[in-house]
Amino acid sequence: MLAKVPVDLRRCQILGLVGTAFLAAGGETSGALPVRELLTPASPQAALGLVGAYFGVVLLIAAWLLLGRLVRSPEKRPGTRELMAVLVIWSVPLLLAPPLFSRDVYSYLAQGAMADAHMDVYSHGPALLGGPLADEVAPMWRNTAAPYGPVFLGVASALAKASHGELPVGLLGMRLVALLGVALMAAVLPRLARHSGADPAAALWLGALNPLVLLHLVAGAHNDAVMLGLLGLGLVAALGRWPFLGAVLVTLAALVKAPAALGLAAIVVLRIRAGDHPARAVPTAVVTAAATTVAATAVAGTGYGWIAALNTPVSSGNWALTSLLGRATGTLLERLGSDLAPLAVPAWHALGVVIAVVVIAHIWIRLRPRPVYALGLSLATVAALGPAIRPWYALWGLFLIAAAAPSASVRHRVAAVTGVLALATLPSGGPADAGQLVLAVSGGVLALVVLIQAHQTAQAPVTGRTA
């Protein structure tokens, strides 16, 4: 259907804006609301909100796909400034919406309050903090240590101090931090694309206007936005005349979330390409990263416990490939009466790490002349083969693949994955029961019906004149 829809930039702007407006409105009753505002999923308000939210998500995906057609078209092709304006327009309704698709932002605020109170966030979960803020954290994470580095915890601590425990102020502050990360992502994508020989507009469309960015980084306020923004900025610096600054920024990104540390490999490759000997480039990057880590940790005052807490995102029921295989193997071993059943999940997790290391090594051997693309594929490998997966983890690799994809076919495959993942999570961030699935599907189907009807209405005058 979309292939025949007439496209112009204004149509895309309006359709996407309507989509995020419905998403924000639906989220007022079906989102990851504060505990005191939560409604039972069976309530009429929550049901209507869920239908409206999924109606908006499907409209947003449609607007994004139509915008992609416009970006690929030889005529009336939007420039990067026009695409930046579209990103702002689509984001506006989400700025004051409640948290959507995850309750992680409450964990960020609770961990920030703990750090501000000089509690060890790497040994204790938010339950130690107690009080209303800890109650907002999802139950499975209340007794879990923080897996985030000192840079992010320093930011979260500063927000906790500035908000004085006021939840609305803290949520707004955390969303503004995420928006700053998204702004950095959008700013660096065209530069990374030009260096990689890719189309800047296509990179911006896939890497920043992506529905996953709007749903999870803007609406969900995930700290992955800060990680990716710093990582991209570090790569831009290294591509210019500031390799030392690039290493510092990439290290800061890793001190938000650890996967960004792979960016140091790209820094080393870029330095070697610029004429540095490997015997100098590698130690320089390592020393710079170590010095940055020591300095950032000293400023944040959080210590180095985050290294031991890096397995925090692993939950027993997550949908990561290695976790699924581990649970299936464990069930089979239990039926066979084997005592090895409890070892199945850890064994598959370890195997996943080994396979990821092998795959990443192969990627860098083959794609060393294209470090940005190699880094994107490496981060995608970490997300796919790691012990835990969330829809927004796909953005780790997608962001850089968007900037350096060697062909349109790669972008098309990534866009298809995006469309699926954008529909994979409820606005509340919780597990879905059968009733909620029906409501979500109903909202999506209703959006498709409206899109088809709008298309037929737009085509009717043309058909009449042809007759």
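Residues numbered from 1 in each chain as written. Predicted model: local features only at pLDDT ≥ 70, side-chain atom pairs only at ≥ 80, totals over all residues. Heavy atoms only, no water.

Peer 1: Help me out: how do you make sense of the pattern of salt bridges in this one?
Peer 2: If the charged atoms of two oppositely charged side chains come close together, the side chains can form a pair. Overall, the coordinates contain eight salt bridges when judged by the stated rule. For Asp8, the salt bridge is made with Arg11, and the minimal N-O distance between the two is 3.8 Å. By relative accessible area, which is 31% here, Asp8 ends up partly exposed. For Arg11, a relative accessible area of 35% translates into the label partly exposed. Residue Asp276 pairs with Arg271 through a salt bridge whose shortest N-O separation is 2.7 Å. Taken together, the salt bridges that share partners define one network made up of Arg271, Asp276 and Arg280. (Salt bridge = Lys/Arg side-chain N within 4 Å of Asp/Glu carboxyl O. Buried < 20%, exposed > 50% of the residue type's maximum accessible area, 1.4 Å probe, protein only.)

Peer 1: Looking at this model, I keep getting lost on the packing of helix α15 (residues 344–367) against helix α16 (residues 371–385). Mind explaining?
Peer 2: Each packed pair of helices is defined by two parameters, the angle between the axes and the distance between the axes. In contact at an axis separation of 9 Å, α15 and α16 are set at 170° when each is read in the N-to-C sense. Between α15 and α16, the angle is such that the two are roughly antiparallel. Across from Gly352, Val353, Ile355, Ala356, Val359, Ile360, Ile363, Trp364 and Leu367 in α15, the residues of α16 making contact are Pro371, Tyr373, Ala374, Leu375, Leu377, Ser378, Thr381, Val382 and Leu385. Per-class residue counts for the contact of α15 with α16 are 15 nonpolar, three polar and no charged. (Axes fitted to C-alpha atoms, helices over the stretch in contact; angles between N-to-C directions. Helix = DSSP H or I, 4+ residues; strand = E, 2+ residues; numbered from the N terminus. Parallel < 35°, antiparallel > 145°, perpendicular 65-115°, else oblique. Contact = heavy atoms within 4.5 Å. Nonpolar A, V, L, I, M, F, W, Y, C, P; charged D, E, K, R; others polar.)

Peer 1: What's the story with unusual backbone geometry in this structure? I'm lost.
Peer 2: Trans peptide bonds make up most of the peptide bonds, and negative phi angles are found at most residues other than glycine. The phi dihedral of Phe101 falls on the positive side, at around 70°, and the residue is not glycine. One can find Phe101 in the loop between α3 (80–91) and α4 (104–116). Of note, His118 is a non-glycine position whose phi angle comes to about 65°, a positive value. Within the element layout of this structure, His118 appears in the loop between α4 and α5 (131–136). Assessed through its relative accessible area of 75%, His118 is described here as exposed.

Peer 1: Before we go on, may I ask you to explain a nonpolar patch on the surface in this structure?
Peer 2: A cluster of nonpolar side chains, Val88, Val92, Leu95, Leu96, Leu172 and Leu176, forms an exposed patch at the surface whose accessible area comes to about 560 Å². Turning to its location among the elements, Val92 is positioned in the loop between α3 and α4. Exposure remark for Val92: the relative accessible area of 48% places this residue in the partly exposed category. (Patch = residues over 30% accessible without salt bridge, like charges linked within 9 Å, V, L, I, M, F, W, Y side chains within 5 Å. Areas by Shrake-Rupley, 256 points an atom, 1.4 Å probe, with all protein chains shown as cover.)

Peer 1: So what exactly am I meant to see when it comes to the confidence of the model for the protein here?
Peer 2: When pLDDT is low, close inspection of the predicted coordinates is not appropriate. For the protein, the average pLDDT comes to 91, and 96% of its residues sit at 70 or higher. Taken element by element, the predicted model of the protein shows its lowest mean pLDDT in helix α19 (residues 434–466) (82) and its highest in helix α9 (residues 211–218) (97). The low-confidence segment residues 462–467 (pLDDT under 50) makes zero contacts with residues lying over four places distant or belonging to another chain. (pLDDT = per-residue confidence, 0-100.)

Peer 1: Can you help me understand the environment of Leu398 in this one?
Peer 2: Mapped onto the secondary structure, Leu398 falls in helix α17 (residues 394–404). For Leu398 and Leu50, which are 348 residues apart along the polypeptide, the C-alpha to C-alpha distance reads 27 Å. Those residues within four positions of Leu398 in sequence are excluded, and the remaining contacts are Leu206, Gly207, Asn210, Val414 and Thr418.

Peer 1: Looking at this structure, I do not really get the side chain of His216. What am I missing?
Peer 2: Locating His216 in the fold gives a position in helix α9. With near-sequence residues (within four places) excluded, His216 lies in contact with Phe101, Ala221, His222, Pro391, Trp392 and Thr425.

Peer 1: Can you walk me through the side chain of Arg175 in this structure?
Peer 2: In this fold, Arg175 is placed in helix α7 (residues 167–196). The charged side chain of Arg175 is buried without a salt bridge, its nearest counter-charge being Glu28 at 8.0 Å. Those residues in contact with Arg175, other than ones at most four positions away along the chain, are Leu94, Leu95, Leu96, Ala97, Pro98, Pro99, Val218, Ala219 and Ala221. (Lys, Arg positive; Asp, Glu negative; His and termini not counted.)

Peer 1: Is there a simple way to explain the packing of aromatic side chains in this structure?
Peer 2: Under the definition given, this model contains seven aromatic pairs. Aromatic side chains Trp64 and Trp205 sit 4.5 Å apart centroid to centroid with 10° between the ring planes, which places their arrangement in the stacked category. Pair noted here: Trp64 is in helix α2 (residues 44–72) and Trp205 is in helix α8 (residues 200–207), with a separation of 141 residues, a long-range link. According to the relative accessible area criterion, Trp64 is buried, its value standing at 0%. Residue classification places Trp205 among the buried positions, given a relative accessible area of 5%. Measuring from centroid to centroid gives 5.6 Å for Tyr148 and Phe152, while their planes differ by 75°, and the two rings are edge-to-face. The exposure class of Phe152 is buried, given its relative accessible area of 2%. Each member of the aromatic cluster is reached from another via a ring pair, and the members are Tyr108, Tyr148 and Phe152. (Phe/Tyr/Trp six-rings, centres within 6.5 Å; stacked < 30°, edge-to-face > 60°.)

Peer 1: Help me understand the packing of α7 against α9 in this model?
Peer 2: Contact geometry for α7 and α9: axes closest at 10 Å, N-to-C directions at 150°. Taken together, the axis directions place α7 and α9 in an arrangement best described as roughly antiparallel. Where α7 approaches α9, its residues Arg175, Ala178, Leu179, Val182 and Met185 are matched on the opposing element by Val213, Leu217 and Val218. Split by residue class, the contact of α7 with α9 holds seven nonpolar, no polar and one charged.

Peer 1: Explanation requested: α2 in the structure shown.
Peer 2: At 3.6 residues per turn, the α-helix brings residues three or four places apart onto the same side. Taking 1.5 Å per residue as the helical rise, α2 with its 29 residues ought to reach 42 Å, and the 42 Å between its terminal C-alpha atoms agrees with that figure. Among the 29 residues that make up α2, 23 are buried, leaving the element largely enclosed by the rest of the structure. (Expected span 1.5 Å × (residues − 1).)

Peer 1: What's the story with the nonpolar core in this structure? I'm lost.
Peer 2: It is characteristic of soluble globular proteins that their nonpolar side chains tend to be buried jointly. Core analysis: the largest hydrophobic core is formed by 128 residues, its most contacted members being Leu67, Trp90 and Leu400. Here this core takes 14 residues from α2, the largest share from any one element. If we skip the residues at most four places from it in the chain, Leu400 touches Leu192, Leu231, Leu235, Val372, Leu375, Gly376 and Leu379. (Core = buried A, V, L, I, M, F, W, Y, C linked by side-chain atoms within 4.5 Å.)

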